[in-house]
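# Report on the structure
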Amino acid sequence: MKLADLRMSVQRFLGPPSPHLELPTVLEDEERHLSEPRPPDAVAGSDEHRLRAMIDRRHEVSRTALCLSGGGIRSASFAIGVMQGLSCLSVLTDFDYLSTVSGGGYAGSWLSAWLLHDEMRIKQTKCDSQPVGDQLAGACCDPLCPEPEPLRHVREFSRYLDPRIGLFSIDVWTLIATVCRNMLANWLILLPLLMAALLVPRLYYAFLDLGGNRNMYGTPLMIASGLLIVGTTVCGIMGLRYVILNLPDIGGFKGSQGQFITRCLGPAVTAAGLLTLYWAWNNELTGTPTSTALLFGGIIAAHVAVWLVWGQREGRRPLTWLGAGKFSRTRSPSRSCTRRRRSRSSC
């Protein structure tokens, strides 16, 4: 069978497609249902005009909603008790909307199904019966009154995940299989990520150990060592630049969290990793340990250089290197002359 024939067969089985409903039409039908037996007059005009009219009407008429939160079977039991209490106060039928989630949806769908089945039964038998709210209130207010069948049913079948218990129950084994499947799915996602995170230090250690193979990778490692120094310098200057520009006395730049990670924390961590690699490789390649004083001297020199460059760029000069970072503005002669001229003209 061709794809077109299959599509036609499915459309013939499902029947003609339902017409597309616009939002104003849906809101008008909903308002008409809530306002019975005196529905509001229909609003003519464009869809935008009708939608605006419906929104204004919603603000004019006060509506209430019963909201049931989630929490499994405990929230469902609590929600049923709340609805029984509202029925005793004769206010359960005053709500216009019912909003539920999770366990509250279990109780809310049960109440909606009860109302629908009761309405269908009344239409079929054409006989009046006690309203659902009164039946729910009678079971709560009168201890001697037997519970209605829908309420008794929901209490007896509250174990909706595992209705029939027992070693040979298919519900128990279905629940066990579902739990095992979900655990396996979570492990297949989380364990590779955890293993990848644990491999990072092992890979870094393997890179550190490359310096011991100077007979095999001598020249490439020497070139790589020079590149490591260059990368360390560039990343370090990027991180120091961000720190200095964020000082209140210099730049006062207030970056976002993403900018801090990409412009300061990331380059600083990268510079530390590259510097560690250079330290290990240089010791193995040259046979002499790297001077700690030389490395820290270079870091301090880079810090001072960045401080000077961006301090002068912002029009400030440092008064002290070891103080609290106090700065003073460098007033140019042109600025002072301009201020004097302005003061004279004002006089």
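This section reports on the structure supplied with the text. (Residues numbered from 1 in each chain as written. Predicted model: local features only at pLDDT ≥ 70, side-chain atom pairs only at ≥ 80, totals over all residues. Heavy atoms only, no water.)

Helix and strand counts for the protein chain stand at twelve helices and four strands. The 347 residues of the protein chain split such that 22% are buried. Of the contacts made within the protein chain by residues no fewer than 6 positions apart, 60% connect residues no fewer than 24 positions apart. Of the roughly 25,200 Å² of accessible surface on the protein chain, a fraction of 63% belongs to carbon and sulfur atoms. (Helix = DSSP H or I, 4+ residues; strand = E, 2+ residues; numbered from the N terminus. Buried < 20%, exposed > 50% of the residue type's maximum accessible area, 1.4 Å probe, protein only. Contact = heavy atoms within 4.5 Å. Areas by Shrake-Rupley, 256 points an atom, 1.4 Å probe, with all protein chains shown as cover.)

Taking 1.5 Å of rise per residue, the 17 residues of helix α4 (residues 72-88) would be expected to cover 24 Å, and the 25 Å separating its terminal C-alpha atoms lies within 8% of that figure. Three or more residues of α4 are buried, namely Ser75, Ala76, Ala79, Ile80, Met83, Gln84, Leu86 and Ser87. One or two positions beyond α4, positive phi appears at Ser90, with a value near 60 degrees. (Expected span 1.5 Å × (residues − 1).)

Let us now look at the pattern of salt bridges. What the rule picks out here adds up to five salt bridges. A salt bridge links Glu31 to Arg63; the shortest N-O distance between them is 2.6 Å. Remark: Arg63 occurs in the loop between α3 (47-60) and β1 (65-68) and Glu31 occurs in helix α2 (residues 23-34); sequence separation between them is 32 residues. We classify Arg63 as partly exposed; its relative accessible area is 26%. (Salt bridge = Lys/Arg side-chain N within 4 Å of Asp/Glu carboxyl O.)

With that out of the way, let us pick up the pairing of β1. Alternating residues of β1 divide into Leu66 and Leu68, all buried, and Ala65 and Cys67, none buried. Of the strand pairs in this sheet, β1 and strand β2 (residues 97-100) are connected by four bridges, and their pairing is parallel. Bridging from a neighbouring strand, Ala65 pairs with Tyr97 of β2. Note that the unit made of β1, α4 and β2 has a crossover that is right-handed. (Pairing = 2+ DSSP bridges. Right-handed = clockwise from strand over helix to strand, strands pointing away.)

Before going further, it helps to spend a moment on unusual backbone geometry. You will see that Ser90, though not glycine, has its phi angle at about 60 degrees, which is positive. Here Ser90 lies in the loop between α4 and β2. Note on Ser90: relative accessible area 53%, which makes it exposed. At Ser102, a residue that is not glycine, the phi angle is positive and equals roughly 55 degrees. The exposure class of Ser102 is exposed, given its relative accessible area of 56%.

Right, let's talk about the nonpolar core for a bit. Counting residues in each nonpolar core, the largest one holds 16 residues, and the members touching the most others are Ile80, Met83, Trp110 and Leu136. At the level of secondary structure, the elements contributing two or more residues to this core comprise β1, α4, α5 (103-125), α6 (132-141) and α7 (149-156). Here this core gets five residues from one element, more than from any other, and that element is α4. In terms of nonpolar packing, the next biggest core, distinct from the first, is built from five residues, Leu221, Leu277, Tyr278 and Trp281 among them. (Core = buried A, V, L, I, M, F, W, Y, C linked by side-chain atoms within 4.5 Å.)

Right, let's get into the side chain of Ser75. With respect to the element layout, Ser75 can be found in helix α4. At a separation of 3.1 Å, a polar atom in the side chain of Ser75 contacts the main-chain amide nitrogen of Gly71. In this structure the side chain of Ser75 is engaged in a polar contact, spanning 2.8 Å, whose partner is the backbone oxygen of Gly72. (Polar contact = N/O pair within 3.5 Å; in protein donor to acceptor, adjacent residues only side chain to side chain.)

At their nearest, the axes of α4 and α5 sit 6 Å apart, and the two run at 45 degrees to each other. Comparing the axis directions of α4 and α5 gives the class oblique. The interaxial crossing formed by α4 with α5 has right-handed handedness. In this structure, α4 contributes Gly72, Ile73, Ser75, Ala76, Ala79, Ile80 and Met83 to the contact, and α5 contributes Gly103, Gly104, Tyr106, Ala107, Trp110 and Leu111. (Axes fitted to C-alpha atoms, helices over the stretch in contact; angles between N-to-C directions. Parallel < 35°, antiparallel > 145°, perpendicular 65-115°, else oblique. Left-handed = near helix turned anticlockwise from the far one by under 90°.)

With that settled, consider the packing of α5 against α7. Each pair of packed helices can be summarised by the angle the axes make with each other and by the distance between the axes. Put simply, α5 and α7 touch, their axes get as near as 11 Å, and they point 150 degrees apart. On the basis of their axis angle, the class for α5 and α7 is roughly antiparallel. Crossing of α5 against α7: the hand is right-handed. In contact with Tyr106, Trp110 and Trp114 of α5, α7 contributes Pro150, Leu151 and Val154. Partitioning the contact of α5 with α7 into residue classes produces six nonpolar, no polar and no charged. (Nonpolar A, V, L, I, M, F, W, Y, C, P; charged D, E, K, R; others polar.)

So, about the environment of Trp173. In this fold, Trp173 is placed in helix α8 (residues 170-208). Trp173 sits in the partly exposed class, given a relative accessible area of 49%. For Trp173, the contacting residues outside a window of four places in its chain are Leu167 and Phe168.

Summed over the entire model, instances satisfying the criterion amount to two aromatic pairs. Where Trp110 meets Trp114, the ring centres are 5.4 Å apart and the plane angle is 45 degrees; that geometry is what we call tilted. Here Trp110 and its partner Trp114 are both found in helix α5, four residues apart, which amounts to about one turn of the helix. Judged by its relative accessible area of 11%, Trp110 falls in the buried class. Trp114 sits in the buried class, given a relative accessible area of 7%. Arranged with centres 6.2 Å apart and planes meeting at 55 degrees, the rings of Tyr242 and Phe260 form a pair that is tilted. Of this pair, Tyr242 sits in helix α9 (residues 214-245) while Phe260 sits in helix α10 (residues 257-286), placing them 18 residues apart in sequence. (Phe/Tyr/Trp six-rings, centres within 6.5 Å; stacked < 30°, edge-to-face > 60°.)

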